[in-house]
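Below are the chains, spelled out letter by letter.
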Amino acid sequence: MFRRSSDGATDGKAQGSQSPQGAQTPEAPVKTKPTAEAGKGRPTPKRSAAEANRYRTVTGSTTSGRGPTKAGDPARKLTPEEKAKARSDRDRQTAAMRRGEDWALGARDRGQAKRLARDYVDAHRRPMEYYMYALILLIVALFAGKSHSAVSSYMQYFLLAVLAVIVVDALLLRRSLLKVVNERLPGESTRGLTFYSVMRALQLRRFRTPAPRLKPGDEI
C-alpha cells in the first residue's frame, strides 16, 4: 500500500514537471503607476524645479535666488500693480544713485576711492571744467569762419590751447588726487581713478552723476 502511494506521487510529480508543447506561459503582472503619480496625475517635480517656482520677479520671470534669472514669458503683460511697483523701484533707485548711495551705484562709481575722487573734484574749481563752454564757442567760431579764413586759422590755435590746458590740468589733478587717496585710504587700489576723475571734471557741475555733495571751497 505504501509502495503504490509513493509510486503515484512520483508519477504525479513527473507529470507535473513535464508541460505539453504549445502551453502558454503565465502573463507578466501589469505595471502600475506609483502612488504619488497616480494620486496627483503627474510625477513629483525635482527639488531644483520646485525651488525655481518659489521666486517670481515683477516682470514675470522666475529665479531660485541662487542662479541666473530665467526670462519670463514675452507675451505676458504686466498688471497695473506690477507696472506701478516697477516704476516706483526705478524712481527710488534713480534718486538713490543721485544721492551717491552705494547699493544703487554701478560698478564704475562704487567704492571709497571713487567717492573720495568725486568729492575732491567737486570741492575744487578747475580750468577743464569750462571745457564745454570753450567747445560751444569753438563751434560758433567755425561756422562764422567759413567766410573769414583768418578766423578759422585762429580757431586752430585756440583748439590746441584748450587741449594743452586740459592735459596739464589732468596731470595736476592726478598728482594731487593720488596724494590724497594714499593718505586717507592707504592700500586702496587707484586703478582707473585718474580717468574717472578727469571725466567728471570735464562735465558741467549740474550734469554730474552722482550729484555733487560738496561745493567749491568746501573741505573734504
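In what follows, the accompanying structure is described.

### Overview of the overall build of the protein chain
Across its full length, the protein chain holds 8 helices and 0 strands. Secondary structure of the protein chain in N-to-C order comes out as α-α-α-α-α-α-α-α. For the protein chain, the share of sequence-separated contacts (at least 6 apart) that also reach a separation of at least 24 residues comes to 57%. If you sum the accessible surface of the protein chain, you get close to 17,000 Å²; carbon and sulfur atoms cover 58% of it.

### Examining the environment of Asp218
Locating Asp218 in the fold gives a position in the segment after α8 (193–202). Measuring from C-alpha to C-alpha, the distance between Asp218 and Ala123 comes to 5.6 Å, with 95 residues separating the pair along the chain.

### Regarding the packing of aromatic side chains
Each aromatic ring pair is described using two quantities: the centre-to-centre distance and the angle formed by the ring planes. This model, assessed by the stated rule, comprises 1 aromatic pair. Pairing Tyr130 with Tyr133 gives two aromatic rings, centres 6.3 Å apart and planes at 40°, and the pair type is tilted. A cation over a ring is seen here: Lys114 above Tyr196, with NZ or CZ 4.9 Å from the ring centre.

### Looking at helix α7 (residues 149–184)
Residue pairs spaced three or four apart in an α-helix point in one direction, given the helix's 3.6 residues per turn. Here α7 is 36 residues long and its end C-alpha atoms lie 53 Å apart, about the 52 Å a rise of 1.5 Å per residue gives. Regarding α7, the residues found buried are Met155, Val162, Ile166, Asp169, Ala170, Leu173, Leu177, Leu178, Val180 and Val181. On its buried face, α7 is in contact with α5 (112–122), α6 (131–144) and α8.

### Comments concerning the packing of α6 against α7
Contact pair α6 / α7: the axes reach a minimum separation of 10 Å and the direction vectors enclose 165°. Considered as vectors, α6 and α7 are oriented roughly antiparallel to each other. With respect to the hand of their crossing, α6 and α7 are arranged in left-handed fashion. Every residue of α7 that contacts α6 at Tyr131, Ala134, Leu137, Leu138, Ala141 and Leu142 is listed here: Val151, Met155, Phe158, Leu159, Val162 and Ile166. Residue classes in the contact of α6 with α7 are distributed as 12 nonpolar, no polar and no charged.

### Section: the environment of Ala96
Along the chain, the position of Ala96 falls in helix α4 (residues 80–99). In this structure the C-alpha to C-alpha distance between Ala96 and Pro210, which are 114 residues apart in sequence, comes to 9.0 Å. If near-sequence neighbours (up to four positions away) are discounted, Ala96 is found in contact with Glu101, Trp103 and Ala104.

### A short note on the side chain of Arg208
Along the chain, Arg208 falls in the segment after α8. The class of Arg208 is buried, set by a relative accessible area of 1%. Within polar-contact distance, the side chain of Arg208 engages the side chain of Asp122 at 2.8 Å. Contacts of Arg208, omitting those with residues within four sequence positions, involve Arg98, Val121, Asp122, Glu129, Arg200, Ala201 and Gln203.

### Things to note about the side chain of Glu129
Position of Glu129 relative to the elements: it lies in the loop between α5 and α6. Reaching out from Glu129, the side chain makes a polar contact with the side chain of Arg125 at a distance of 3.3 Å. When near neighbours in sequence (up to four residues on either side) are disregarded, Glu129 contacts His124, Ala201, Gln203, Leu204, Arg205 and Arg208.

### Brief notes about the packing of α7 against α8
Interhelical geometry of α7 versus α8 gives an angle of 125° and a closest axis separation of 10 Å. For the element pair α7 / α8, the angle class is oblique. Pair α7 / α8 crosses with right-handed handedness. Within the contact between the two elements, α7 uses Ile166, Ala170, Leu173, Arg174, Leu177 and Val181 and α8 uses Leu193, Thr194, Ser197, Val198, Ala201 and Leu202. Taken together, the residues of the contact of α7 with α8 break down into 9 nonpolar, 2 polar and 1 charged.

What counts, and where the lines are drawn
- Along each chain, residues carry numbers from 1 onward, in the same order as the chain's sequence is written.
- In keeping with the predicted nature of the model, local features appear solely for residues at pLDDT of at least 70, side-chain atom pairs appear and are counted solely at 80 or more, and the whole-chain, interface and lining totals rest on all residues.
- By convention in this description, side-chain values take in all heavy atoms of the structure and omit both hydrogens and water.
- In this text, helices come from DSSP runs of H or I with a minimum length of four residues, and strands from runs of E with a minimum of two, each type numbered from the N-terminal end.
- Residues are treated as being in contact if the distance between any of their heavy atoms lies within 4.5 Å.
- Accessible surface area values rest on a Shrake-Rupley calculation with a 1.4 Å probe, where residue burial reflects the displayed protein chains alone.
- Pairs were defined over the aromatic rings of Phe, Tyr and Trp, the Trp ring being its six-membered one, requiring ring centres within 6.5 Å. Orientation was assigned from the angle between planes: stacked under 30 degrees, edge-to-face over 60, tilted for the rest.
- Charge-over-ring contacts are defined here by two conditions on Lys NZ or Arg CZ: a distance within 6 Å of the ring centre and an angle within 35 degrees of the ring normal.
- In this analysis, the expected span of each helix is defined as 1.5 Å times one less than the number of residues it contains.
- For the exposure calls, accessible area comes from a 1.4 Å probe over protein chains only, and a residue counts as buried if that area is under 20% of its type's maximum, exposed if over 50%, partly exposed in between.
- For helices, the axis comes from a line fit to the C-alpha atoms of the stretch in contact; other axes are also lines fit to C-alpha atoms, and the angle between any two N-to-C directions lies between 0 and 180 degrees.
- In these notes the angle categories are as follows: under 35 degrees is roughly parallel, over 145 is roughly antiparallel, 65 to 115 is roughly perpendicular, and the rest is oblique.
- Helix crossings are classified by the rotation of the near helix relative to the far one: an anticlockwise turn of less than a right angle makes the crossing left-handed, while a clockwise turn makes it right-handed.
- Three residue categories are used. Nonpolar comprises Ala, Val, Leu, Ile, Met, Phe, Trp, Tyr, Cys and Pro, charged comprises Asp, Glu, Lys and Arg, and polar comprises the others, including Gly.
- A 3.5 Å cut-off defines polar contacts: any pair of N or O atoms within that distance qualifies, except that in protein one atom must be a possible hydrogen donor and the other a possible acceptor, and neighbouring residues in sequence count only when both atoms are side-chain atoms.

Structural measurements only, silent on function.
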